Each structure stands twice: as C-alpha cells, then as structure tokens.
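Residue strings, one per chain:
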Amino acid sequence: MKVLVINCGSSSLKYQIIDMDTQAVLCKGLVERIGIEGSVLTHKVPGKEDFVVQEEMKDHQRAVELVMAALVDPDHGVIKSLDEIDAIGHRVVHGGQKFAKSVLIDDEVKAALDKCTELAPLHNPANILGIKACEAVMPGKPNVGVFDTAFGMGMEPKAFMYALPTKYYEEYEVRRYGFHGQSHDFVSHRALDLCGGNENTKVIVCHLGNGASISASIGGKCVDSSMGLTPLEGLIMGTRSGNVDPGIMQFICHKEGLDIDGMLNVLNKKSGIFGLSGNISSDFRDVQKAADEGNEKAKIALDAYRYRVAKYIGSYAAAMNGVDVIVFTAGLGENDKLTRQAICDEYLGYLGVKVDPARNDVRGKETLISADDSKVKVYLIPTNEELKIAMDTVKIVSEL
Ligand code: AMP
C-alpha cells in the first residue's frame, strides 16, 4: 500500500510517499513560497539528483498539482500513475476536543476542523487547504486527518485543566492539549516495543527540536504533556519562551509600549535560546559554539535549557509515581550527545539514571544509551512523524 503524506503550512507543503509494505520512503519534497513570488518545488528521490520546479503557485491547489506532476514525471517520478496512491494522510495541527484519534475526512469532519481554526489560526487553515486541494486533484481517494493534539487527549482533567474560571473551558475549550502528538505517540510506542514494555510501563519522551515538548505516558496512554492550549507552554525552545510568569506580559507591555499581540510575538519568536543567549541564534549548534568560546549568556542559555528539561522529567516521574524509560528524540535529542549526557548526569542520578558515554556517542540511530546497571532505561529513538501519519492512514483505510 502506498500512502502520500501531506504536511501543509500557510505558504509551504511537505510531502512523502511511503510504501507501507516495506516502510520505504519512495520520495519526499518541499514546496516553498506558495502564494508568494518565487514559488519553488524541490522533489527528492533517494539515489537521484533533486528535481527543482520553479513556477508560480498561487495557491495550495496549484502546489498539489505540481507535486502530482513530479510524482508521475517520466524522469523524476516514483509512480506511473496517481492510481498507485492508495490513500492520503494529512497532518492536522489542532483537533480540539473533538478528535482524540485519527479520522477519515468527510464533510462533517471538515466543518469540525473549521471550528478548531480559532484554536490554531496559523496552522489549521493551511491544513484544511491541503485537504481540499488533494480532494480536488485526486477525487475519490481517501483522506485521513492525523492530529498533533490527539495524543494529549489521553490526559485526565487534573492534568489538562488550567486553574482558571471553568467558564473558559466550558465555553471556549481552553485547556491543555499537548502538541507534537505524532512524535510522542510514535516514539513512546517504539520505546515500549524496544524494552518489551506493557500497559504499566512509564515512559517520558523528550522531543527536543526547534520546538520542544516532553510527555509522560503509561503503556502508551498520555498522562501529561508540556505544551498547552498553544505550543508556547513548557520547555525553553529555539525562539519560544516556554513557561513564564503571566504577569510579565503586562509589565513588559507597559514598559515597551507593546500590545498583547506584540508581546506574544516576543514570547514566540524572540525568546527561548535565541533571546536568552543575547540573540546569538535559535540553533543550538551556534549557541554551543559561543558557549565553548566563553560567551556567558550562551552558557546560561544552555544551562537553563537543560535545567528546564530536567525539572519536567522530575515532575513527570512524580506524576507517574516512577519512570521506567526516558527517550530523547528530534533534532537536538537525536544529535547532541552533550545535552543528553548533561541532563542525565547533572540532574537524574537520584532516579538511578546512568548514561553510558560510549553508548551515548551516537547520532540519529535507535540506541539504548543507558548503562546496564541504570535503574531507568534511556534511549535515543529517531522520531518519524510522517511514518506515524502513514501508519494511522493505513489503519483507517483498512477498516473501510
Ligand atoms: P528539529 O526541529 O527537530 O528539526 O530540530 C532542529 C534543531 O536541532 C536545530 O535548531 C538545532 O538546534 C538542533 N540540532 C540539530 N543537529 C544538531 C547537532 N548536531 N548538535 C546540536 N544540535 C543540533
């Protein structure tokens, strides 16, 4: 079965075709600058040179049409006809409270997704455009929605409720949702497979990328997740602040003459590692380099980052009354042995966590990095959100 996975942003579209019989990625690609001058499609087939199409793409439908043309292109394509695509899986950022699992998309689902737009105004409209474009270009193919928020729907009220007037929850669905759900779901289940876990196994997944979040789950069911109503809550990220005292907003707005939108722009785009390091970079490699050269702000930024991750691990161990497995994933989690080692060595000894430096000397490869006498198993597990979307798509389509 071949599944096309689509991930639409407001001006971008990422795609992959995965052959689910072998889980091989037949091709992947990226369309940038949709609706903006200079639209470009870069189509990648393993073992071949990139195929680049520079042509005006005024909307997502035109982008999908050009992606389809690339897929069946005689020189650069990977399928002979679009009939070979069995189903399309779409990443959808916000499913609100309505979608606790992936779903076959029909008119009713699309209407419900429209309603969720106010919870994710930057993301959901683009996801819906991608769905409609695929329906128009490939009528009759099953489209499946896989939600960033679905994994977090496992949380109980004590974890997902904010201590605010309940009216906000009842009338506006203001609650904690958790994001990066495809990643936390995929990685936590993979961890259960690797350690031979069962329905009682307690897993903490640290998804440390440009966006960063951490989840606690028991037997694959989410207990807690660090992101909230929006992906701003929780860990320090590349440019996002994560948790701050909400009182700071009023204080800084008055000092700097900002309105609430301006303040949120600061919290989303100018904070995190970038802000803390004195605007060196949102990329950890640059901040690490500056710290190695003696830059004090860079050192504090890295220390604060690790400290926040460790505090979450500690609080999630408390929330679950223990932890059996800790997993590192995403850009930093998969590639940066220093961060993994520092978090475990500096803060997690009391849990009996011991990382073996030789095992930890690895990048991007599924590996047990804890020592044999560690009380908690620690893994590096590369995330694969596209494969998770394709797996859910296969499951739903096979039940039709
Ligand atoms: P992601 O959002 O998962 O693609 O992660 C991107 C982030 O991972 C980048 O901003 C980098 O800060 C970080 N990253 C990627 N490779 C490395 C590396 N080799 N060492 C440290 N950080 C890395």
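Residues numbered from 1 in each chain as written. Predicted model: local features only at pLDDT ≥ 70, side-chain atom pairs only at ≥ 80, totals over all residues. Heavy atoms only, no water.

This part is about the site of the ligand. Within the structure, the ligand sits among Gly209, Asn210, Asp283, Phe284, Arg285, Ala330, Gly331, Leu332, Asn335, Asp336 and Arg363. The side chain of aspartate 283 places a nitrogen or oxygen atom 3.3 Å from an oxygen atom of the ligand. Glycine 331 places a polar main-chain atom, nitrogen or oxygen, 2.9 Å from an oxygen atom of the ligand. When the ligand sits alone it has 500 Å² of accessible area, and the protein chains cover 72% of it. Residue contributions to the shell around the ligand peak at four residues, all from helix H12 (residues 330-335). Of the residues assigned to the shell around the ligand, the class counts are three nonpolar, four polar and four charged. (Near = heavy atom within 4 Å. Polar contact = N/O pair within 3.5 Å; in protein donor to acceptor, adjacent residues only side chain to side chain. Areas by Shrake-Rupley, 256 points an atom, 1.4 Å probe, with all protein chains shown as cover. Helix = DSSP H or I, 4+ residues; strand = E, 2+ residues; numbered from the N terminus. Nonpolar A, V, L, I, M, F, W, Y, C, P; charged D, E, K, R; others polar.)

Take a nonpolar patch on the surface next. Judged by side-chain polarity, Leu164, Tyr168 and Tyr172 come together as a nonpolar surface patch covering roughly 290 Å² of accessible area. One can find tyrosine 172 in helix H5 (residues 166-172). (Patch = residues over 30% accessible without salt bridge, like charges linked within 9 Å, V, L, I, M, F, W, Y side chains within 5 Å. Salt bridge = Lys/Arg side-chain N within 4 Å of Asp/Glu carboxyl O.)

The next subject is empty space enclosed by the protein. Per the stated rule, a full pass over the model turns up one cavity of 30 Å³ or more. Of the voids in this model, the largest cavity is the one considered here, and its volume is about 40 Å³. Forming the walls of the largest cavity are Met161, Tyr162, Leu164, Pro165, Thr166, Tyr168, Tyr169 and Val174. Broken down by class, the residue content of the lining of the largest cavity amounts to seven nonpolar, one polar and no charged. (1 Å grid on protein atoms, 1.4 Å probe; cavity = no way out; pocket = protein on both sides within 12 Å on 5 of 7 lines; lining within 4 Å. Points joined across faces, edges and corners; volume = space filled by probe spheres on them.)

One can describe the packing of helix H7 (residues 247-256) onto helix H8 (residues 260-269) by two numbers: an axis separation of 10 Å at closest approach and a directional angle of 115 degrees. Judged on the interaxial angle alone, H8 and H7 are roughly perpendicular. Considering how the two elements wind past one another, H7 and H8 form a crossing that is right-handed. Contacts between H7 and H8 pair Met249, Ile252 and Cys253 from the former with Ile260, Met263 and Leu267 from the latter. Per-class residue counts for the contact of H7 with H8 are six nonpolar, no polar and no charged. (Axes fitted to C-alpha atoms, helices over the stretch in contact; angles between N-to-C directions. Parallel < 35°, antiparallel > 145°, perpendicular 65-115°, else oblique. Left-handed = near helix turned anticlockwise from the far one by under 90°. Contact = heavy atoms within 4.5 Å.)

A few words on the layout of surface pockets. Size it by volume and the second largest pocket reaches roughly 590 Å³. Ser102, Asp185, Lys388, Asp392 and Lys395 are, among the 23 residues lining the second largest pocket, the residues nearest its centre. For the lining of the second largest pocket, the secondary-structure elements that each account for two or more residues are strand E8 (143-147), helix H6 (181-195) and helix H15 (385-398). The greatest single-element share of the lining of the second largest pocket, amounting to seven residues, is contributed by H6. Looking at the lining of the second largest pocket residue by residue, the classes come out as nine nonpolar, six polar and eight charged.

Let's shift gears to the packing of aromatic side chains. The relative placement of two aromatic rings is captured by the distance of their centres and the angle of their planes. Applying the stated rule across the entire model yields six aromatic pairs. Here phenylalanine 160 and tyrosine 169 contribute two aromatic rings whose centre-to-centre distance is 5.7 Å and whose plane-to-plane angle is 40 degrees, an arrangement assigned as tilted. A relative accessible area of 22% means that tyrosine 169 is categorised as partly exposed. Where tyrosine 312 meets tyrosine 316, the ring centres are 5.6 Å apart and the plane angle is 75 degrees; that geometry is what we call edge-to-face. With a gap of four residues between them, tyrosine 312 and tyrosine 316 both fall in helix H11 (residues 296-320), about one helical turn apart. We note that tyrosine 312, like tyrosine 316, is buried. The side chain of arginine 175 reaches across the aromatic face of phenylalanine 160, ending 3.7 Å from its centre. The positively charged end of arginine 175 is found above the aromatic ring belonging to tyrosine 177, 5.0 Å away from the centroid. (Phe/Tyr/Trp six-rings, centres within 6.5 Å; stacked < 30°, edge-to-face > 60°. Buried < 20%, exposed > 50% of the residue type's maximum accessible area, 1.4 Å probe, protein only. Lys NZ or Arg CZ within 6 Å of the ring centre and 35° of its normal.)

We now examine the nonpolar core. If you look at the biggest cluster of nonpolar residues, it comprises 47 residues, and the most contacted ones within it are Leu208, Ile313 and Ile326. At the level of elements, strand E9 (202-208), strand E10 (212-218), helix H10 (284-292), H11, strand E12 (325-329), helix H13 (337-347) and strand E14 (377-380) are the ones that each hand at least two residues to this core. Among the elements that take part in this core, H11 stands out by supplying 11 residues, more than any other. Once residues within four sequence positions are removed from consideration, isoleucine 326 is found in contact with Ile204, Cys206, Ile313, Leu348, Val353, Val376, Lys377, Val378 and Tyr379. (Core = buried A, V, L, I, M, F, W, Y, C linked by side-chain atoms within 4.5 Å.)

In this section: the pairing of strand E4 (residues 40-44). Among the five residues of E4, four are classified as buried, and the element is accordingly described as predominantly covered. As paired elements, strand E3 (residues 24-32) and E4 share five bridges and run antiparallel to each other. The residue bridging glycine 29 from the neighbouring strand is histidine 43, located in E4. One ladder, built from four bridges, connects E4 with strand E5 (residues 51-54); its direction is antiparallel. Within E5, the residue paired with threonine 42 across the bridge is valine 52. (Pairing = 2+ DSSP bridges.)

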